[in-house]
Amino acid sequence: MCRDCANPLDALLHRRAVLAGLGALGLAACATNPETGRSQLILVDDAQMGQLALEAWAQQLHRTPRWNNPSAQQRLERIGRRIAAGANRPNEAWEFVLFDRPDLNAFVLPGGKVGFYRGLWELAQGDDEIATVLGHEVGHVTGRHAAERYSREVAQQSALRAAGAVTNNQVALAALGLGATVGLSLPFSRDQESEADRLGINYMHAAGFAPRAAISFWTRMQAQRGARPPQFLSTHPDPANRVAALGAYINERGWGPV
Ligand SMILES: [Zn+2]
């Protein structure tokens, strides 16, 4: 889910990160996410991310046709709202939209705009599997993954500049400290995917869906993606590992056995 090329926010983020550069590092801060207990580098506030997300969402709606299938659209919204409530985020400005493309993909933008492609919809079997996808996407929101990715991008851009110019102030120290993580970008992305998987399982359970549906869904995805392109391989958990990790997590929570 959430291949980088599928997310309209990423292109915007990339450009903005370059523009934000060192200035944004003045806001450098680590924040503990109460949803995960994990400390994250966050260099951007939620209002800024929300504004970027709205721009990206408007572009997506302009460029990509919606799928004219009212019953499917209603079903998506119904399941989405249950998952959002399961995540204790019922009041976020959620929007769940089916797009008419054959892609096996879905994406989410900060603030709660969720795009779901027809191809993935047709692959998913039953409400519980649709809830698997939506739980994962909502997990990216509550995990603040876009803000975190944005922050890392800004930090990396700044580190590159600081290495050749400013080296003796707080900004440069922050940048160079962060610069050491440049080589870890891809594994970090895989960690976010795994975290979204686990959060999604929690939300499915809280909303009354069957977490075990994640196993059947990802197993089918694995079969579909037998010949995965290198980009998918490098930025996502290996599908077999993903199914194994999900199974272990579901059993650990006492929601199995799977
Ligand atoms: Zn994802």
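Residues numbered from 1 in each chain as written. Predicted model: local features only at pLDDT ≥ 70, side-chain atom pairs only at ≥ 80, totals over all residues.

**Student:** Let's hear about the sheet that holds strand S5 (residues 113–117): which residues, and what values?
**Tutor:** Hydrogen bonds along the backbone pair up the strands of a sheet, which may run parallel or antiparallel. Across the sheet, 3 strands lie side by side as S3-S5-S4; this open sheet has mixed pairing. Every other strand in the sheet has two partners, leaving strand S3 (95–99) and strand S4 (106–109) as the edge strands with one partner each. Direction aside, neighbouring strands of the sheet carry axes that sit 15° apart on average. Here helix H5 (residues 126–142) sits on the sheet and contacts S4 and S5; the angle it forms with S4, its principal contact strand, is near 30°. (Pairing = 2+ DSSP bridges. Helix = DSSP H or I, 4+ residues; strand = E, 2+ residues; numbered from the N terminus. Axes fitted to C-alpha atoms, helices over the stretch in contact; angles between N-to-C directions. Contact = placed C-beta atoms within 7 Å.)

**Student:** Kindly report on helix H11 (residues 239–252), identifying the contributing residues and their values.
**Tutor:** With 14 residues, H11 should reach 20 Å at 1.5 Å per residue; the first-to-last C-alpha distance of 20 Å fits that figure. Regarding H11, the residues found buried are Arg-242, Val-243, Leu-246 and Ile-250. Each buried residue of H11 sits inside an arc of 95° when the element is viewed along its axis, so together they form one side. Facing away from the buried side of H11, by more than 90 degrees, are the exposed residues Ala-240, Asn-241, Ala-248 and Glu-252. (Expected span 1.5 Å × (residues − 1). Buried ≥ 20, exposed ≤ 12 C-beta atoms within 10 Å, placed from the backbone. Arc of directions from axis to C-beta.)

**Student:** I'd love a proper account of the packing of helix H9 (residues 213–224) against H11, names of residues and values included.
**Tutor:** Close contact between H9 and H11 brings their axes to 9 Å; oriented N to C, the two are set at 175°. Between H9 and H11, the crossing angle belongs to the class labelled roughly antiparallel. In this structure, H9 contributes Ala-214, Ile-215, Trp-218, Thr-219, Met-221 and Gln-222 to the contact, and H11 contributes Pro-239, Ala-240, Arg-242, Val-243, Leu-246 and Gly-247. Among the residues making up the contact of H9 with H11, the classes are represented as 8 nonpolar, 3 polar and 1 charged. (Parallel < 35°, antiparallel > 145°, perpendicular 65-115°, else oblique. Nonpolar A, V, L, I, M, F, W, Y, C, P; charged D, E, K, R; others polar.)

**Student:** Pulling in residues and values, what's your account of the confidence of the model for the protein?
**Tutor:** Across the protein, the average pLDDT comes to 79, with 71% of residues at or above 70. When mean pLDDT is compared element by element in the protein, helix H3 (residues 70–86) scores highest at 98, while helix H7 (residues 170–179) scores lowest at 36. Scored below 50 in pLDDT, residues 22–27 makes 15 contacts in the model with residues more than four places away or belonging to other chains. This model gives residues 165–188 a pLDDT under 50, and the stretch forms 26 contacts once residues within four places in sequence are excluded. (pLDDT = per-residue confidence, 0-100.)

**Student:** How would you summarise the pairing of strand S2 (residues 38–41) if you had to cite specific residues and measurements?
**Tutor:** In the sheet, strand S1 (residues 30–33) pairs with S2 via 4 bridges, with the strands oriented antiparallel. Each bridged residue has a counterpart across the sheet, and for Asn-33 the counterpart in S2 is Arg-38. In textbook terms, the turn of a hairpin is the stretch between consecutive antiparallel strands, and for S1 and S2 this stretch comprises 4 residues, one of which, Gly-37, has a positive phi near 75°.

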